[in-house]
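Observations on the three-dimensional arrangement
Residue strings, one per chain:
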Amino acid sequence: WLAYLVLFLLTVFIGISTPISTLFAFGIPALLISVAIAGVCIMNTEIALYIIIFYSFFISFINRLFLIYSLLIGVPSDILIAITFLGFLIRGADLKNNINEFSKNRIIIVLMILYGYTAIQVFNPYGNLLTGWFPAVRKVMATFLLLFIAFNVFTTKEKIYRFIKILFVFCVIVAIYACIQEIHGFFNFELNWLKKKKKRYRMT
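Residues numbered from 1 in each chain as written. Predicted model: local features only at pLDDT ≥ 70, side-chain atom pairs only at ≥ 80, totals over all residues. Heavy atoms only, no water.

The next thing to look at is the packing of aromatic side chains. Taken as a whole and judged by the stated rule, the model has 18 aromatic pairs. Geometrically, the ring pair formed by phenylalanine 88 and phenylalanine 148 is edge-to-face, given 5.6 Å between the ring centres and 70° between the ring planes. With phenylalanine 88 in helix 4 (residues 74-90) and phenylalanine 148 in helix 7 (residues 129-153), this pair connects stretches of sequence that are 60 residues apart. For phenylalanine 148, a relative accessible area of 4% gives the class buried. (Phe/Tyr/Trp six-rings, centres within 6.5 Å; stacked < 30°, edge-to-face > 60°. Helix = DSSP H or I, 4+ residues; strand = E, 2+ residues; numbered from the N terminus. Buried < 20%, exposed > 50% of the residue type's maximum accessible area, 1.4 Å probe, protein only.)

What follows is the structure, given as structure tokens:
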């Protein structure tokens, strides 16, 4: 219920800041899809991990294909990760033992030191709180939660092998598209996306 509440409040915020025509055209279908995805992420951590990875791989392509210039592609990724983590709480998972096992890993200990260093940068007089420190900490937290999710998914060799296979398929799809783009050049929808901003076009 907590995940659905967060999703509802986010939808209200988007609805307030979006024109009515755009809201009805994209908002309502997106809401229905979002609720379904949120439910899956809460109930099944492994599928949630694949959804997060799929989103990370292909959202930029979808963004360019449908010319959704205002879509903040990083925020939904963070929301997916947060909802998946909330799923542990909603399902009543034994987080205490999970966190103890997770925190004993030497790689995680090193990461905690690095993340701690990032956190104390809030006191850096040369770092802007909103444009510098906060986005960095937000991504650090998202990465850390994603590691925790993966730690709880990769409990058997079968799950690890399945993850490698799915990741390989995603990589092959992206590689094939890269080859097509190299031969064909940019498609019209990609050129339209590039030309939307002069700086983006010059950089490319």
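With that settled, consider the packing of helix 3 (residues 45-65) against helix 8 (residues 157-184). Closest axis-to-axis distance for the helix 3/helix 8 pair is 11 Å, and the angle between their directions is 10°. In terms of their interaxial angle, helix 3 and helix 8 are classed as roughly parallel. Counting all contacts with helix 3, which are made through Glu46, Leu49, Tyr50, Ile53, Phe54, Phe57, Phe58 and Phe61, the residues of helix 8 involved are Lys159, Arg162, Phe163, Ile166, Leu167, Phe170, Cys171, Ile173, Val174 and Tyr177. (Axes fitted to C-alpha atoms, helices over the stretch in contact; angles between N-to-C directions. Parallel < 35°, antiparallel > 145°, perpendicular 65-115°, else oblique. Contact = heavy atoms within 4.5 Å.)

Looking now at the nonpolar core. The biggest cluster of nonpolar side chains holds 28 residues, and the ones touching the most others in it are Leu49, Ile81 and Ile149. Breaking this core down by element, the ones donating at least two residues are helix 2 (20-43), helix 3, helix 4, helix 5 (95-103), helix 6 (106-119), helix 7 and helix 8. Once residues within four sequence positions are removed from consideration, isoleucine 81 is found in contact with Ile52, Ala142, Leu145, Leu146 and Ile149. (Core = buried A, V, L, I, M, F, W, Y, C linked by side-chain atoms within 4.5 Å.)

Our next topic: the pattern of salt bridges. Within this structure, the stated rule accounts for 3 salt bridges. Arginine 138 is the salt-bridge partner of aspartate 78, the closest N and O atoms lying 2.4 Å from each other. A residue pair is termed long-range when its members are at least 10 positions apart, and aspartate 78 in helix 4 and arginine 138 in helix 7 qualify at 60 residues. Classification of arginine 138 as partly exposed rests on a relative accessible area of 30%. A salt bridge links lysine 139 to aspartate 78; the nearest nitrogen and oxygen atoms lie 3.1 Å apart. Placement of lysine 139 in helix 7 and of aspartate 78 in helix 4 is noted, with a sequence separation of 61 residues between them. (Salt bridge = Lys/Arg side-chain N within 4 Å of Asp/Glu carboxyl O.)

Taken together, the side chains of Phe168, Val169, Val172, Ile173, Ile176 and Ile180 define a hydrophobic patch exposed on the protein surface, amounting to about 520 Å² of accessible area. With respect to the element layout, valine 169 can be found in helix 8. Relative accessible area serves as the criterion here: at 44%, valine 169 is assigned to the partly exposed category. (Patch = residues over 30% accessible without salt bridge, like charges linked within 9 Å, V, L, I, M, F, W, Y side chains within 5 Å. Areas by Shrake-Rupley, 256 points an atom, 1.4 Å probe, with all protein chains shown as cover.)

This part covers the packing of helix 3 against helix 4. Closest axis-to-axis distance for the helix 3/helix 4 pair is 10 Å, and the angle between their directions is 175°. Taken as axis vectors, helix 3 and helix 4 run roughly antiparallel relative to one another. For the pair helix 3 and helix 4, contact is made by Thr45, Ala48, Ile51, Ile52, Tyr55 and Ser56 and by Pro76, Ser77, Leu80, Ile81, Thr84 and Phe88, respectively. Looking at the contact of helix 3 with helix 4 residue by residue, the classes come out as 8 nonpolar, 4 polar and no charged. (Nonpolar A, V, L, I, M, F, W, Y, C, P; charged D, E, K, R; others polar.)

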